[in-house]
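Read off the chains here:
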Amino acid sequence: MNRITSGVLAGLMLASGLVGCTSAQSADPGWTSSATSEAVDLATRSGGWPKTEEELQNAANRLDERCLREAGFAVPTAPAVRLPAPEDEKAAIALGQRSNLGYGIATPAHESTASAVETYVQTLSHPEQIRYRAAQFGSGAPRTTIVLIPPAKVQVAAGGCVATGRRSLAGDLRTWARLDYIPDQLDSQLSAQAMKVPRYKAALASWRACLKAPSFDFPSPEAAQTALRKEYARIGPSRRFKRREIAVAVADGECAQKAHLPTVLLAARRSLVEHLPSSELSSLRSLCTKRHTALARARKTLGMDKSG
């Protein structure tokens, strides 16, 4: 099934509609098109991106399931993909989850129970499991390498139902991989730059002042997680570590909420999109156009499933 992108930071919603991928150009021949709201959404996985991404991922899952059923497998329907709105700060911080799992170091946040599809596959005989994997990923599970924004590359499934479904939506595997991975790539790049923006540094200073109250001394949320991961690797699981992990994660989240750290960071990330190199803005414009086509196919696929 299609990879679900997660971990999007919360922030201010600037625009959410699907609009053109380029702005009107200036008369200055040296001027390059600035990023539109849709391009900003795509580069930061915010605004209108989560809802449209849900459509793409759900359509990919439906095509995968349809193909596997045609191959003779009674696969259950995967639950609808639901992605959080990055602008929902409380949901992004998730204090309730932190109070139970901390950062998910001692107790991983992903579900430990098998999905319905995994449970179904376990009911198959060994030869049928082999046939299932061949149907899903192709005989021998072939993969192909796709170039993203250089020098980054990614390997994706090139055979079976998974590849067939992605081609049906995006037209080819290269386009699908770029639609799937380049937003992650740009968002990571923008996040690193946004942490140097003065307004984020000011919010981070407020976070630090708040965090020192419970006697935790970390320069940033990222540093807190890194320190705890190193500690866990050194001492291993224990009740004491889990209590400390939860205490730090909750304090971090409460202070992030007071300082509006995720909101400030997302606003900074969005403001930086128009300053990306012209080659990356060009990639964004191209992806916007191709994503429109893929979304139209996805909506048709989902509509067919509803009518069926």
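Described below are features of the structure shown in this document. Along each chain, numbering runs from 1 in the same order as the chain's sequence is written. In keeping with the model being predicted, local features are shown solely for residues with a pLDDT of at least 70 and side-chain atom pairs are shown and tallied solely at 80 or more, while totals for entire chains, interfaces and linings include all residues. Side-chain figures throughout are based on the complete set of non-hydrogen atoms in the structure, without hydrogens or water.

1. Topic: the state of the cysteines
We call a pair of cysteine sulfur atoms a disulfide whenever their separation is within 2.5 Å. Overall, the coordinates contain 2 disulfides when judged by the stated rule. Between the sulfur atoms of Cys67 and its disulfide partner Cys161 the distance amounts to 2.1 Å. In this structure the cystine formed by Cys67 and Cys161 twists about its S-S bond by roughly -70°; its chirality is therefore left-handed. Of this pair, Cys67 sits in helix α2 (residues 49-70) while Cys161 sits in helix α7 (residues 160-170); the two residues are 94 residues apart in sequence, bridging distant segments of the chain. Throughout this description, buried means an accessible area under 20% of the type-specific maximum (1.4 Å probe, protein chains only), exposed means over 50%, and partly exposed covers the range between. According to the relative accessible area criterion, Cys161 is buried, its value standing at 3%. Here Cys210 engages in a disulfide with Cys255; their sulfurs sit 2.1 Å apart. Handedness of the Cys210-Cys255 disulfide follows from its S-S torsion of about -75°: it is left-handed. Highlighted residues: Cys210 in helix α9 (residues 198-211) and Cys255 in helix α11 (residues 239-259), separated in sequence by 45 residues. Of the two residues examined, Cys210 and Cys255, each falls in the buried class. A helix here means a DSSP run of H or I that spans at least four residues, while a strand means a run of E at least two residues long, and both kinds are numbered starting from the N terminus.

2. Some words on the side chain of Glu280
Looking at where Glu280 falls in the secondary structure, it is placed in helix α13 (residues 278-307). Counted as positive: Lys and Arg. Counted as negative: Asp and Glu. His and the chain ends are not counted at all. We define a salt bridge as a contact between a side-chain nitrogen of Lys or Arg and a carboxyl oxygen of Asp or Glu at a distance within 4 Å. The charged side chain of Glu280 is buried without a salt bridge, its nearest counter-charge being Arg178 at 10 Å. Note on definitions: a residue-residue contact is assigned when non-hydrogen atoms from the two residues lie within 4.5 Å. Among residues more than four places away in sequence, those in contact with Glu280 are Ile149, Leu186 and Gln189.

3. Quick word on the nonpolar core
Counting residues in each nonpolar core, the largest one holds 62 residues, and the members touching the most others are Trp207, Val273 and Leu284. The element that contributes the greatest number of residues to this core is α13, accounting for 8 residues. Those residues in contact with Val273 that lie beyond four places of it in its chain are Ala35, Ala39, Val40, Ala43, Thr44, Leu190, Leu281 and Leu284. Grouping buried Ala, Val, Leu, Ile, Met, Phe, Trp, Tyr and Cys residues that are joined through side-chain atoms within 4.5 Å yields what is termed a nonpolar core.

4. Observations concerning the packing of α2 against α7
Throughout, an axis means a line fitted to C-alpha atoms (over the contacting stretch in the case of helices), and angles, computed between N-to-C directions, take values from 0 to 180 degrees. At a minimum axis separation of 9 Å, α2 and α7 run at an interaxial angle of 130°. Classified by the angle their axes make, α2 and α7 are oblique. In the crossing of α2 with α7, the sense of the turn from one axis to the other is right-handed. For the pair formed by α2 and α7, the contact residues are Leu56, Ala59, Ala60, Leu63, Asp64, Cys67 and Leu68 on the first element and Cys161, Val162, Gly165, Ser168 and Leu169 on the second. In this classification, Asp, Glu, Lys and Arg are treated as charged, Ala, Val, Leu, Ile, Met, Phe, Trp, Tyr, Cys and Pro as nonpolar, and every other residue, Gly included, as polar. Here the residues of the contact of α2 with α7 sort into 9 nonpolar, 2 polar and 1 charged. Between 65 and 115 degrees an angle is taken as roughly perpendicular, under 35 as roughly parallel, over 145 as roughly antiparallel, and anywhere else as oblique. In this scheme, a crossing is called left-handed if the near helix is turned counterclockwise away from the far one by less than a right angle; it is called right-handed if the turn is clockwise.

Don't take any of this as a statement about function, it's just geometry.
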